[in-house]
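Commentary on secondary and tertiary structure
Listed below are the residues making up each chain.
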Amino acid sequence: MSASTTLFAANWKMNKTRVEAAATASDLAARLNDFHAGEVLLIPGFTCLEAARSAIAGVPAFSLGAQDVYPAEKGAFTGEVAPGQLLDAGCAYVLTGHSERRHVLGEADEFVGRKTAFAAAAGLKPILCVGETLPERQGGRLEEVLTRQLATGCAEISSSEGLAIAYEPVWAIGTGVTATIQDIVQAHAFVRGWLASRFGANGDSVRILYGGSVTPKNARDILAVDNVNGVLVGGASLDAESFAAICLA
Ligand code: PGA
């Protein structure tokens, strides 16, 4: 995989019924039927995976991912979903450590690291999400937080193959406040440097996505930034017209 294949990821979070997911996915598949500018990744809730999968089947640029995974093969983990179950549902990708899981559900760094490694070993491509809160940024702790989340998130993976990182400043998620281009340049360069120190030359092919209030209006400028290899889009991905406009920006 090359960092040059731009990844456009739609994180639908806890939204949509199966009928709604199928409708949005079909609409996107029609709009982006011959899309060549990158890979379009739909990340619906678990109950909507099959609806989205069948709507995008056979459309070349599209793939499917899940929002979370549990780091065990199977067993007594009520409410959780295993990597093998996600592969069986047609997922190629999975998010790990999304800020809502860290900050709303209380997931610890080490747990995110176990998920990332377990998912990768099972054959899923993890998208490890990292990002600082506003107090952390204002306290000058951006690099410290990113280093900690990257180091713990990647602690148990043996190679960078299939790995992507999503830099999502927590204060920009779902708020309508986008990081400035300068903020994005700085954070993505820092993540790229960290990847080089951890994975050597292979760190160059790890895609780094930006996430946090990406819209059709700002997508082009964000995607033009060095070391931005894609976007992870929440709110603006729920509507097919808006997400297609981001992919075509
Ligand atoms: P947002 O969410 O685009 O609504 O800010 C991004 C994300 O949380 O992945």
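The structure reproduced in this document is the subject of the present report. Residue positions are given per chain, counted from 1 along the sequence in the order it is written. Residue-level local features of this predicted model are given only where pLDDT is at least 70; pairs of side-chain atoms are given and counted only at 80 or more, and the full residue set underlies all totals for whole chains, interfaces and linings. Only hydrogens and water are set aside when side-chain values are computed; all heavy atoms of the structure are taken into account.

The next thing to look at is the packing of helix H5 (residues 109-122) against helix H7 (residues 142-153). Fitted lines through C-alpha atoms give the axes, limited to the stretch in contact for helices. The angle between two N-to-C directions lies from 0 to 180 degrees. A run of H or I in DSSP counts as a helix once it spans at least four residues, and a run of E counts as a strand once it spans at least two, with each numbered from the N terminus. The interhelical angle for the contact between H5 and H7, taken along N-to-C directions, is 45°, at an axis separation of 7 Å. By the angle class used here, H5 and H7 are oblique. Of H7, the residues touching H5 (which contributes Asp109, Glu110, Gly113 and Thr116) are Arg148, Gln149, Thr152 and Gly153. Gly falls in the polar group here, along with every residue not listed as nonpolar (Ala, Val, Leu, Ile, Met, Phe, Trp, Tyr, Cys, Pro) or charged (Asp, Glu, Lys, Arg). Across the contact of H5 with H7, the residue classes break down as no nonpolar, five polar and three charged. Put simply, angles under 35 degrees are roughly parallel, angles over 145 are roughly antiparallel, angles from 65 to 115 are roughly perpendicular, and the rest are oblique. Throughout, a contact is declared for two residues whenever any of their heavy atoms are within 4.5 Å.

Let us now look at the pairing of strand S4 (residues 93-96). A 1.4 Å probe rolled over the protein chains alone gives each residue an accessible area, and that area as a share of the maximum for its type sets the label: buried under 20%, exposed over 50%, partly exposed in between. Here S4 shows a buried face lined by Tyr93 and Leu95 and a second buried face lined by Val94 and Thr96. Think of it this way: DSSP has to see at least two bridges between two strands before they count as a pair. As paired elements, strand S3 (residues 62-66) and S4 share two bridges and run parallel to each other. In the strand pairing of S4, Ala66 is matched with Val94. Viewed along the sheet, the connection from S3 through helix H3 (residues 83-88) into S4 turns out right-handed. As defined by bridge partners, S4 adjoins strand S5 (residues 125-130) across four bridges and the pair is classed as parallel. The partner of Tyr93 across the bridge, within S5, is Lys125. Note on handedness: a crossover is taken as right-handed if, strands pointing away from the viewer, the path from the first strand over the helix to the second is clockwise.

Let us now look at the site of the ligand. One heavy atom within 4 Å of a molecule or strand is enough for the residue carrying it to be called near that molecule or strand. The immediate surroundings of the ligand are formed by 13 residues, with Lys13, His98, Glu168, Gly174 and Ser213 found nearest. Pairs of N or O atoms are called polar contacts if they sit within 3.5 Å, as long as, within protein, a hydrogen donor faces a hydrogen acceptor (for residues adjacent in sequence, only side-chain-to-side-chain pairs). The separation between an oxygen atom of the ligand and a polar side-chain atom of His98 is 2.7 Å. Here an oxygen atom of the ligand and a side-chain polar atom of Glu168 are 2.7 Å apart. Areas reported as accessible are Shrake-Rupley estimates using a 1.4 Å probe. Residue values count occlusion only from the protein chains shown. Relative to its unbound accessible surface of 280 Å², the ligand loses 95% to contact with the protein. In terms of residue class, the shell around the ligand is built from four nonpolar, seven polar and two charged.

For strand S2 (residues 39-43), the tally of buried residues reaches five of five residues, placing the bulk of the element in the interior. What you see with S2 is no split at all: Glu39, Leu41 and Ile43 on one side and Val40 and Leu42 on the other are buried throughout. Note: strand S1 (residues 7-11) against S2, five bridges, orientation parallel. Within S2, the residue paired with Asn11 across the bridge is Ile43. A crossover connection joins S1 to the parallel S2 through helix H1 (residues 18-31); in handedness this β-α-β unit is right-handed. Two strands pair when backbone bridges link them, and S2 and S3 are joined in this way by three bridges, in the parallel orientation.

So, about the side chain of Asp68. Looking at the secondary structure, you find Asp68 in the loop between S3 and H3. On the accessibility criterion, Asp68 (7% relative accessible area) is buried. Only 3.2 Å separates the side chain of Asp68 from the side chain of Arg101, close enough to count as a polar contact. A distance of 2.7 Å separates a polar atom in the side chain of Asp68 from a polar atom in the side chain of Lys115. Aside from chain neighbours lying at most four places away, what touches Asp68 is Phe46, Glu80, Leu86, Val94, Leu95, Arg101, Glu107 and Lys115.

The subject of this paragraph is the packing of H1 against helix H2 (residues 49-56). Packed helices, taken two at a time, are described by the angle between their axes plus the distance between the axes. Contact geometry of H1 with H2 gives a least axis separation of 8 Å together with a crossing angle of 25°. Taken together, the axes of H1 and H2 are roughly parallel relative to one another. H2 is crossed by H1, and the crossing has right-handed handedness. Together, Arg18, Ala22, Ala25, Ser26 and Ala29 of H1 and Ala51, Ala52, Ala55 and Ile56 of H2 make up the contact between the two elements. For the contact of H1 with H2, the residue count by class is seven nonpolar, one polar and one charged. For any pair of crossing helices, the crossing counts as left-handed if the nearer helix is rotated counterclockwise from the farther one by less than a right angle, and right-handed if it is rotated clockwise.

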